[in-house]
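Coordinate analysis (summary)
One letter stands for each residue in the lines below.
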Amino acid sequence: MFIISRLLGGNMAKILSAKLARIDRRGYKAYKTISGIYDFPKFKLFIDHVQGDPFAAPSKIRARVDQDLAKFPLEHYRSDVRKIALEDYITRRMGLAIAKHVKGARGTGKSGLIAIQRCYQEVLKRTSVVVTEDYVEVRLSVGLPAAGRTVLAGEARAMFFQEIPRLVDESLFYPQYNPTDLKKHVDLVEDQNVLRRELDERNLVAFVADGSILPRESGVSDRPMPEEETVPFAPPPSLRTAIELPHRGEIAGMGIPEGITLIVGGGYHGKTTLLKAIERGVYDHIPGDGREFVVARGDAVKIRAEDGRRIEKVNIAPFIQNLPRLKRTTTFSTEDASGSTSQAANIIEALEIGTSLLLMDEDTSATNFMIRDERMQALVAKEKEPITPFIDKAKLLYQDYGVSSIVVLGGSGDYFDVADNVIMMDEYKPKDVTKEAREIARTWAAQRKFEGGTFFGPITHRIPLPASFNPHVGRKIKVEAKGKSLIRFGRQTIDLSYVEQLIDENQTNAIAQIILYAVQKYMDGKTELRGVISKVLTDIQGKGLDALSTFQGHPGELALPRLQEIASAINRLRSLRVRQLS
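Residues numbered from 1 in each chain as written. Predicted model: local features only at pLDDT ≥ 70, side-chain atom pairs only at ≥ 80, totals over all residues. Heavy atoms only, no water.

Some words on the overall build of the protein chain
Along the backbone of the protein chain there are 14 helices and 31 strands. Expressed as a percentage of its 582 residues, the buried residues of the protein chain come to 57%. Nonlocal contacts in the protein chain, meaning residues at least 24 apart in sequence, comprise 73% of its contacts between residues at least 6 apart. The averaged location of the 75 negative side-chain charges in the protein chain is 8 Å from the averaged location of its 83 positive side-chain charges. (Helix = DSSP H or I, 4+ residues; strand = E, 2+ residues; numbered from the N terminus. Buried < 20%, exposed > 50% of the residue type's maximum accessible area, 1.4 Å probe, protein only. Contact = heavy atoms within 4.5 Å. Lys, Arg positive; Asp, Glu negative; His and termini not counted. Charge placed at Lys NZ, Arg CZ, Asp CG, Glu CD.)

Quick look at helix α10 (residues 394-401)
What α10 keeps buried is the set Ala394, Leu396 and Leu397. Around the axis of α10, the buried residues are gathered within 160° of arc, so they sit on the same side. The elements touched by buried residues of α10 are β15 (260-264), α7 (339-353) and β21 (357-361). Residue Gly402 follows α10 closely and has a positive phi angle near 70°. (Arc of directions from axis to C-beta.)

A few points about the sheet that holds strand β29 (residues 486-489)
With respect to topology, three strands assemble into an open sheet ordered β28-β29-β30, the strand pairing being antiparallel. Looking at which strands have only one partner, the edges of the open sheet turn out to be β28 (479-482) and β30 (492-495). Going from strand to strand, the sheet's axes swing by 20° on average, the running direction of each strand aside. Bridging between β29 and β30 involves four bridges; their strand directions are antiparallel. Each residue of the ladder has a partner; that of Phe489, found in β30, is Gln492. (Pairing = 2+ DSSP bridges. Axes fitted to C-alpha atoms, helices over the stretch in contact; angles between N-to-C directions.)

Details of the packing of aromatic side chains
Overall, the coordinates contain 13 aromatic pairs when judged by the stated rule. On the basis of an interplanar angle of 70° and a centroid distance of 5.5 Å, the ring pair of Phe72 and Tyr177 is categorised as edge-to-face. In this pair, Phe72 is assigned in the loop between α2 (67-70) and α3 (80-101) and Tyr177 in the loop between α4 (153-171) and α5 (179-201), connecting sequence segments 105 residues apart. The burial state of Phe72 is the same as that of Tyr177; both residues are buried. With 5.9 Å between their ring centres and 85° between their planes, Tyr401 and Phe456 make a pair best called edge-to-face. Highlighted residues: Tyr401 in helix α10 and Phe456 in the loop between α11 (434-443) and β25 (462-464), separated in sequence by 55 residues. We classify Tyr401 as partly exposed; its relative accessible area is 39%. Phe456 gets classed as buried once you look at its relative accessible area, which sits at 0%. One aromatic cluster in this structure is built from Phe319, Phe369, Phe390, Tyr401 and Phe456. (Phe/Tyr/Trp six-rings, centres within 6.5 Å; stacked < 30°, edge-to-face > 60°.)

A short note on the nonpolar core
If you look at the biggest cluster of nonpolar residues, it comprises 56 residues, and the most contacted ones within it are Tyr31, Ile34 and Phe72. Those elements that place two or more of their residues in this core are α1 (11-23), β2 (44-49), β3 (59-66), α3, β6 (129-131), β7 (135-142), α4 and α5. Ignoring sequence-local partners within four residues, the contact set of Tyr31 consists of Leu20, Ile23, Val50, Leu144, Pro145, Val151, Leu152, Ala153 and Ala156. Formed by 45 residues, the second largest nonpolar core is a distinct cluster that contains Ile303, Ile320, Leu358 and Ile459. (Core = buried A, V, L, I, M, F, W, Y, C linked by side-chain atoms within 4.5 Å.)

Brief notes about the sheet that holds strand β10 (residues 204-209)
The sheet built from four strands is open, its strands ordered β13-β14-β10-β17 with antiparallel pairing. Only two strands of the sheet have a single neighbouring strand rather than two, namely β13 (240-245) and β17 (294-296). Taking the axes of each pair of neighbouring strands and ignoring which way they run, one obtains an average angle of 35° across the sheet. Note: β10 against strand β14 (residues 249-257), five bridges, orientation antiparallel.

What about the packing of α1 against α4?
Here α1 crosses α4 at 160°, and the two axes come no closer than 9 Å. Judged on the interaxial angle alone, α4 and α1 are roughly antiparallel. Where α1 crosses over α4, the two elements pack in a sense that is right-handed. Of α4, the residues touching α1 (which contributes Ala13, Leu16, Ser17, Leu20 and Ala21) are Ala153, Ala156, Arg157, Phe160 and Phe161. Each residue belonging to the contact of α1 with α4 can be placed in one class, and the counts come to eight nonpolar, one polar and one charged. (Parallel < 35°, antiparallel > 145°, perpendicular 65-115°, else oblique. Left-handed = near helix turned anticlockwise from the far one by under 90°. Nonpolar A, V, L, I, M, F, W, Y, C, P; charged D, E, K, R; others polar.)

Points about the pattern of salt bridges
In the structure shown here, the tally under the stated rule is 51 salt bridges. Notably, a salt bridge pairs Glu190 with Arg82, separated by 2.7 Å at the nearest N-O pair. Of this pair, Glu190 sits in helix α5 while Arg82 sits in helix α3, and the two are 108 residues apart along the sequence. What makes Glu190 buried here is its relative accessible area of 17%. When its relative accessible area of 1% is taken as the criterion, Arg82 is described as buried. With a shortest N-O distance of 2.8 Å, Arg126 and Asp504 are connected by a salt bridge. (Salt bridge = Lys/Arg side-chain N within 4 Å of Asp/Glu carboxyl O.)

Bear in mind that shape data such as this cannot, by itself, settle questions of function.
So, in structure tokens, the structure goes:
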């Protein structure tokens, strides 16, 4: 609960100072008395949550400036897309101000910490900053200073009365900004959204702009490789597409049509680099990233093999049937999936939740799932082989469900028979070799037999059963993310290491809370998985990510994930039980 005193002007700030003076050198829990709302001359300070120990999770505070003083132009947040972009820009600005003005370590544990959500190359909806017509608010984590477990009130006073006001002055007032840079950031994000929407209108699944810088700085950095070390992207003339954007104007690049597209070429010529850029094209990027105008369908899903994952009643029969010992594949479950069964399940789960584009790389795929050549067909009869490879289902998937595929290949020309487009990467330069591939397919006709049947097969939807979700450890709810790739849900651990389009640990934080929220509000044993998640996302659309928090004030460090990654997390919960819809 807040301790609220209604005094005028800066008097509340004086009360905070007096409280700090009274608790100096007392035990750390005395900090609890400073929770409340305080009026500073230019902003209002909310101390929402006070940590109980210097080694515990940091305290949560908010600083709010009235829009009459902040003066951010309405044009920068008049739509959801522009608002997200503005909030992202302010978050980054606050991060720079913290690095510049905050002293940092001031005692034991997290003493002296002031932090805001870290932003990467993508622009995401976050809880770090909120902009409305009435105010601008920043949410921070603060480590209240201590020597051992003794309050250091003087150091706390320096944080609250020197550092935080400097951060607010530099980050929450529009006159402090370069208006050209801010507008460029917001306009760019809006342009990317328009470009992504244009894909559907033009029957494209992806677009890569002329001059894009696709390679990254290193395997551990997502920043762009220096331009002097790269080959800027240059689209082949046959795939060149021009699109008009509201701020950038006309932009040209390679448009990848719907259907089956292969990306081929020699090793280290840029095949996977191109696919990874397209994979990240479901997100908007900051200026200077190099991939600002590399976009993909917003529901595109990267598919890979994932040995060892759990699968719960997924109908993988379109790909796998007649397993030994009469194991049913229409309701396939396992605690330890193989490469082929996991890849089949990953595709079916993506189709169940909703996608119009699959992305695959042979390097991370199960070989026997991708292809069965004529020699293997001759040696192992079809009735002895339960797997129908993707090569025989890709066309049917597009024919029956309108789902396209982009596949990176370097070792199987048999896919030329099913490809609508073939792009060859040659020293990082794309070439349209579709005609050449078709000629090769005619000249050296494949001897393998088609095994895919007449139809792709049914997509079976599933209803999650609420009794299989237990967030408790003893009497306490224990739901939390551990970095980008792990979630603790009660006594269960959800491993997201191979969910490749999950890009930010704050998305994982949000997924953990979304699952809990879904269990508490919408999992009724009657609603299918997609419907449950969609209801949660509708609440977030209306109330923001704050809707996920049970606490008043600062909701924690959250960033919006896609429906696809939320479903991936639920599907990897090892206690999950479902009922199939007939």
